[in-house]
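Below are the chains, spelled out letter by letter.
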Amino acid sequence: QVQLVESGGGLVQAGGSLRLSCAASGRTVSSFVMGWFRQAPGKEREFVARISRSGSSKYYSDSVKGRFTISRDNAKNTVALQMNSLKPEDTAVYYCAASGGSVITAAVPENYQYWGQGTQVTVSS
């Protein structure tokens, strides 16, 4: 069992930056592939980024590649998402999630066992 709590969301103008953080308790996050997903109103939850247990492998959706950076600090039991050059279409609730599976296949919500409650990110034009 692991509990995840996101923080760092808010309102930002287009072109600005935000840094989201996810704090875990229970099992250490080093046991899991960690991912970020987002869900906009009327849309399905979509993959944003994921990182392997060691942090050596990172994957991003095409829509955020080059703008977002995922990182983890296993000693502090946290994972972060640095979001730069934000666009209005990035507006969504962002969720931190943990997967006990492979980083190769951990690109869909169904492969994650634990989820945070989400944090709202709103990007104004």
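Trainee: Whenever I open this one, the environment of Val123 confuses me. Can you help?
Mentor: Looking at where Val123 falls in the secondary structure, it is placed in strand 11 (residues 119-124). We classify Val123 as buried; its relative accessible area is 6%. A sequence separation of 36 residues divides Val123 from Lys87, and the C-alpha atoms of the two residues are 6.1 Å apart. If sequence neighbours within four positions are ignored, Val123 has contacts with Val12, Gln13, Ala14, Leu86, Lys87, Pro88, Asp90 and Thr91.

Trainee: Can you help me understand the pairing of strand 7 (residues 68-73) in this one?
Mentor: Each regular strand carries side chains that alternate between the two faces of the sheet. The two faces of strand 7 differ: Phe68, Ile70 and Arg72 on one face are buried, but Thr69, Ser71 and Asp73 on the other face are not. Sheet topology places strand 7 next to strand 8 (residues 78-83); six bridges connect them, and they run antiparallel. Pairing of Asp73 across the sheet is with Thr78, part of strand 8. Between strand 7 and the antiparallel strand that follows it, strand 8, lie four residues; Asn77 among them carries a positive phi value of about 60°.

Trainee: Explain the side chain of Ser99 to me, please; I cannot follow it from the model alone.
Mentor: Structurally, Ser99 can be placed in strand 9 (residues 92-99). At 2.6 Å, the side chain of Ser99 and the backbone oxygen of Asn111 are in polar contact. Not counting the four nearest positions on each side in its chain, Ser99 is found in contact with Phe32, Val33, Arg53, Ala106, Asn111, Tyr112 and Gln113.

Trainee: Sorry if this is basic, but what is going on with the nonpolar core here?
Mentor: Soluble globular proteins tend to bury their nonpolar side chains together. Met34, Trp36, Leu81, Met83 and Tyr94 are the most contacted members of the largest nonpolar core, which totals 28 residues. Secondary structure elements with two or more residues in this core: strand 1 (2-7), strand 3 (18-26), strand 4 (33-39), strand 5 (46-51), strand 7, strand 8, strand 9 and strand 11. Ignoring anything within four residues of it in the chain, the contact list for Tyr94 reads Glu6, Leu20, Trp36, Phe37, Arg38, Val48, Phe68, Leu81, Met83, Gly118, Thr119 and Val121. Counting residues in hydrophobic clusters, the runner-up holds seven residues, among them Phe47, Ala97, Val103 and Ala106.

Trainee: Whenever I open this one, the packing of aromatic side chains confuses me. Can you help?
Mentor: Within a pair of aromatic rings, the relevant descriptors are the distance that separates the centres and the angle that separates the planes. Applying the stated criterion to the full structure yields six aromatic pairs. Look at Tyr95 and Trp115: their rings are 6.4 Å apart centre to centre, the planes differ by 80°, and that puts the pair in the edge-to-face class. Of this pair, Tyr95 sits in strand 9 while Trp115 sits in strand 10 (residues 114-115), and the two are 20 residues apart along the sequence. Trp115 gets classed as partly exposed once you look at its relative accessible area, which sits at 25%. Looking at Arg45, its charged tip hangs above the ring of Tyr95, at a distance of 3.7 Å from the centre. Lying across the ring of Trp115, Arg45 places its NZ or CZ 4.9 Å from the centre.

Cut-offs and rules
Residues numbered from 1 in each chain as written. Predicted model: local features only at pLDDT ≥ 70, side-chain atom pairs only at ≥ 80, totals over all residues. Heavy atoms only, no water. Helix = DSSP H or I, 4+ residues; strand = E, 2+ residues; numbered from the N terminus. Buried < 20%, exposed > 50% of the residue type's maximum accessible area, 1.4 Å probe, protein only. Contact = heavy atoms within 4.5 Å. Pairing = 2+ DSSP bridges. Polar contact = N/O pair within 3.5 Å; in protein donor to acceptor, adjacent residues only side chain to side chain. Core = buried A, V, L, I, M, F, W, Y, C linked by side-chain atoms within 4.5 Å. Phe/Tyr/Trp six-rings, centres within 6.5 Å; stacked < 30°, edge-to-face > 60°. Lys NZ or Arg CZ within 6 Å of the ring centre and 35° of its normal.

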